[in-house]
Amino acid sequence: MEKPHKRLDAWKESVTLVTLVYELTRQFPRNEVFGLTSQLRRAVISIPGNVAEGAARQTRREFVQFLYIARGSLSEVDTYIEIARRLGYIEKGSIAMVEEKMVDVDKIITGLIKSLKSKN
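The shown structure was predicted, so the numbers you read here are calculated from the model rather than taken from an experiment. (Residues numbered from 1 in each chain as written. Predicted model: local features only at pLDDT ≥ 70, side-chain atom pairs only at ≥ 80, totals over all residues. Heavy atoms only, no water.)

Asks: Explain the pattern of salt bridges to me, please; I cannot follow it from the model alone.
Replies: Two side chains of opposite charge can pair, provided their charged atoms sit close to one another. All told, the structure shown has five salt bridges when counted by the stated rule. Measuring nitrogen to oxygen at the nearest pair gives 2.4 Å for the salt bridge that ties Glu13 to Lys101. Of this pair, Glu13 sits in helix 1 (residues 9–25) while Lys101 sits in helix 4 (residues 96–118); the two residues are 88 residues apart in sequence, bridging distant segments of the chain. Residue Glu53 pairs with Arg57 through a salt bridge whose shortest N-O separation is 2.7 Å. (Salt bridge = Lys/Arg side-chain N within 4 Å of Asp/Glu carboxyl O. Helix = DSSP H or I, 4+ residues; strand = E, 2+ residues; numbered from the N terminus.)

Right, dumping it as structure tokens:
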């Protein structure tokens, strides 16, 4: 049985973002494993998690709330990546794919929110 969230582009694209961020954080210093690496990974993994949990809720209103939380986590990811860049853990050029995927995920989640809200 396939769960409904697996059909959502918001979920699919955010899972792709998770894999990109995990690959990116492999190059972080080992002393950051319990710091920035952990924070970044937890924030990014919560995006598809919240999309999935919202899709499983009983009402559109609840779903929208979880999508807002996912968008908030996306902003966290953006912030942590900027901090990592400023600390010299990653170069601007090496995060282009991650930044593009973050824009895609943001657009998809925002569109889904608008769509769900317009159905009320």
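Structure shown, so let's carry the discussion forward.
Asks: Before we go on, may I ask you to explain the nonpolar core in this structure?
Replies: Nonpolar side chains in soluble globular proteins tend to be buried together. In this structure, Leu17, Ile47, Leu67, Val77, Ile81, Val98 and Ile109 are the most contacted members of the largest nonpolar core, which totals 34 residues. For this core, the element with the most residues is helix 3 (residues 60–86), which contributes nine residues. (Core = buried A, V, L, I, M, F, W, Y, C linked by side-chain atoms within 4.5 Å. Buried < 20%, exposed > 50% of the residue type's maximum accessible area, 1.4 Å probe, protein only.)

Asks: How should I be thinking about helix 4 in this particular structure?
Replies: An ideal rise of 1.5 Å per residue puts 33 Å on 23 residues; helix 4 measures up with 33 Å between its terminal C-alpha atoms. Listing the buried residues of helix 4 in full gives Val98, Lys101, Met102, Val105, Ile109, Leu112, Ile113 and Leu116. Buried residues along helix 4 sit against helix 1, helix 2 (36–55) and helix 3. (Expected span 1.5 Å × (residues − 1). Contact = heavy atoms within 4.5 Å.)

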